[in-house]
Amino acid sequence: MIRSIYQKSLAVLLKKPIRLWGISLLSMLLMGIASAGFVGVPAVAWAIDYAFAVSMAMIFLNSYRTGLEPKTEYLFAAFKKEKFLHVVGGMAWADLWVFIWALIPIVGPIFAIIRSYEYRFVPYILMTREDVKATDARKISKQETMGYKSKMFWADVLIVVAVCVVNVVLGLFARIPYVGVLFGIVMVVFVLACALLSSLFYGIMHAAFYVEIKNGQSNSEQTPVQNAPAPVFPAAAPVEPTSVENAVVQEEPAAKQTPASEEVPATEEAPAVEEAPAPVTCPICGSEVSEGAKFCDHCGHKM
């Protein structure tokens, strides 16, 4: 599962790396401006940071699901009036519980890390499920990540280990006289690429885990139960008519038989089947939206 998610996430990143990096850089710039502008009101700065973080999570989710080019306006999806308080409240509630678990002496940091993986799906749940309360998002995320936390943890750790190993190897080769200069240049390029694209890859990978786990759970729920074999009954022996029945059949007049020339009344025509209504799609990202939904499940656009 981890290898498949790595491959799919890298393919999504390589499609529009400059676009994703530009939107991510813009979000960090706006978050920095908000933090500087609301120095005396940290609650407002935190709320803005939560909204931008959730919007970026939805951009990564939409890019992984649809493969469409992300738009800058998606960066403000969580700032809509009907979404802002819901998103900020749910994110703050989840982080508060992580902080409470971290306060436990000695083992607190370990429990905080576990809870952070349990609550990883909170941004996607808050943006795509209107029927979920802000305080219940962490509970649903905990249920849906059950059995997958270790995989998400190792997916994060293996990337760090791989980057460190590559840097060490390139650093050793850079010590070779003359040829080592080339390896030194490669190492500098590798470090810059990791610094610029690692956050994007992590964001897409987290969204990929949400999509793949949800798809796996949906498939398991929709798997039909195998039909039990039909019981086999012994064939019934033919029953011969009695002598009285034979006499009645022989004495039945032939006039009662239906003549071949008699017309058979035509059967009534079957009623026409109404055609199913056309699926509703989002005008922004083009994704299919469930009937009656007020917001797009992928980009949060108001329908």
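Reading the values: rules and limits
- Residues numbered from 1 in each chain as written.
- Predicted model: local features only at pLDDT ≥ 70, side-chain atom pairs only at ≥ 80, totals over all residues.
- Heavy atoms only, no water.
- Helix = DSSP H or I, 4+ residues; strand = E, 2+ residues; numbered from the N terminus.
- Contact = heavy atoms within 4.5 Å.
- Areas by Shrake-Rupley, 256 points an atom, 1.4 Å probe, with all protein chains shown as cover.
- Expected span 1.5 Å × (residues − 1).
- Buried < 20%, exposed > 50% of the residue type's maximum accessible area, 1.4 Å probe, protein only.
- Core = buried A, V, L, I, M, F, W, Y, C linked by side-chain atoms within 4.5 Å.
- Patch = residues over 30% accessible without salt bridge, like charges linked within 9 Å, V, L, I, M, F, W, Y side chains within 5 Å.
- Salt bridge = Lys/Arg side-chain N within 4 Å of Asp/Glu carboxyl O.
- Phe/Tyr/Trp six-rings, centres within 6.5 Å; stacked < 30°, edge-to-face > 60°.
- Lys NZ or Arg CZ within 6 Å of the ring centre and 35° of its normal.
- Axes fitted to C-alpha atoms, helices over the stretch in contact; angles between N-to-C directions.
- Parallel < 35°, antiparallel > 145°, perpendicular 65-115°, else oblique.
- Nonpolar A, V, L, I, M, F, W, Y, C, P; charged D, E, K, R; others polar.
- Lys, Arg positive; Asp, Glu negative; His and termini not counted.

**What about the overall build of the protein?**
Summing up its helical and strand segments, the protein has 10 helices and two strands in all. Its helices and strands in sequence order give the protein the pattern α-α-α-α-α-α-α-α-α-α-β-β, from N to C terminus. Partitioning the intrachain contacts of the protein with sequence separation of at least 6 by distance along the chain shows that 65% fall at a separation of at least 24. Accessible area for the protein stands at about 19,900 Å²; split by element, carbon and sulfur atoms hold 67% of it.

**With respect to helix H8 (residues 149-173)**
Here H8 spans 37 Å end to end across 25 residues, near enough to the 36 Å set by a 1.5 Å rise per residue. All buried positions along H8 are accounted for by Met152, Ala155, Asp156, Ile159 and Leu170.

**Quick word on the nonpolar core**
Grouped together as the largest cluster of nonpolar side chains are 58 residues, with contacts concentrated most on Tyr124 and Met205. Elements represented by at least two residues in this core include exactly helix H1 (2-15), helix H2 (17-37), helix H3 (42-66), helix H4 (81-102), helix H5 (108-118), helix H6 (122-128), H8 and helix H9 (180-222). Of all the elements, H3 adds the most residues to this core, at 13 residues. Discounting chain neighbours no more than four positions away, the residues touching Met205 are Ile5, Tyr6, Ser9, Ala155, Asp156 and Ile159.

**So, H5**
Residues Gly108, Ala112, Arg115, Tyr117 and Glu118 constitute the buried set of H5. On the buried face of H5, the contacting elements are H4, helix H7 (137-144) and H8.

**As for a nonpolar patch on the surface**
On the surface, a nonpolar cluster with roughly 1,100 Å² of combined accessible area is contributed by Val161, Val165, Val169, Phe173, Ile176, Tyr178, Val179, Val181, Leu182, Ile185 and Val189. Every element with two or more residues in the nonpolar patch is listed here: H8 and H9. Mapped onto the elements, Val169 comes out in helix H8. On the basis of relative accessibility, which here comes to 36%, the residue Val169 falls in the partly exposed class.

**So, the pattern of salt bridges**
A pair can form between side chains of opposite charge whenever their charged atoms are brought close. Counted under the stated rule, the structure contains seven salt bridges. A salt bridge links Glu212 to Lys8; the shortest N-O distance between them is 3.4 Å. Placement of the pair is Glu212 in helix H9 and Lys8 in helix H1, with a sequence separation of 204 residues. Using a relative accessible area of 23% as the deciding quantity, one classes Glu212 as partly exposed. For Lys8, a relative accessible area of 38% corresponds to the partly exposed category. Via salt bridges that share partners, Arg115, Glu118 and Lys149 belong to a single interconnected network.

**Describing the packing of aromatic side chains**
Under the defined criterion, the tally for this structure stands at 13 aromatic pairs. Taking the centre distance of 6.0 Å and the plane angle of 40° together, the rings of Tyr6 and Phe201 count as tilted. Of the two residues, Tyr6 sits in helix H1 while Phe201 sits in helix H9, which places them 195 residues apart along the sequence. Aromatic pair Phe153 and Trp154: ring centres 5.4 Å apart, planes at 70°, arrangement edge-to-face. Judged by its relative accessible area of 33%, Phe153 is partly exposed. Taken together, Phe52, Phe76, Phe79 and Phe84 form an aromatic cluster joined through their ring pairs. Positioned above the aromatic ring of Trp101, the side-chain terminus of Arg115 is 4.1 Å from the ring centre.

**A word on the packing of H2 against H3**
In contact at an axis separation of 9 Å, H2 and H3 are set at 170° when each is read in the N-to-C sense. By the angle between their directions, the pair H2 and H3 is classed as roughly antiparallel. Mapping the contact onto sequence places Leu20, Ile23, Ser24, Ser27, Leu30, Met31, Ala34 and Ser35 in H2 and Ala45, Ile48, Asp49, Phe52, Met56, Ile59, Phe60 and Ser63 in H3. Split into classes, the residues belonging to the contact of H2 with H3 amount to 11 nonpolar, four polar and one charged.

**Section: the side chain of Asp49**
By the element assignment, Asp49 lies in helix H3. Look at Asp49: it is buried, it has no salt bridge, and the nearest opposite charge is Arg120 at 19 Å. Look past the residues within four positions of Asp49 in its chain and what remains in contact with it is Met31 and Ser35.

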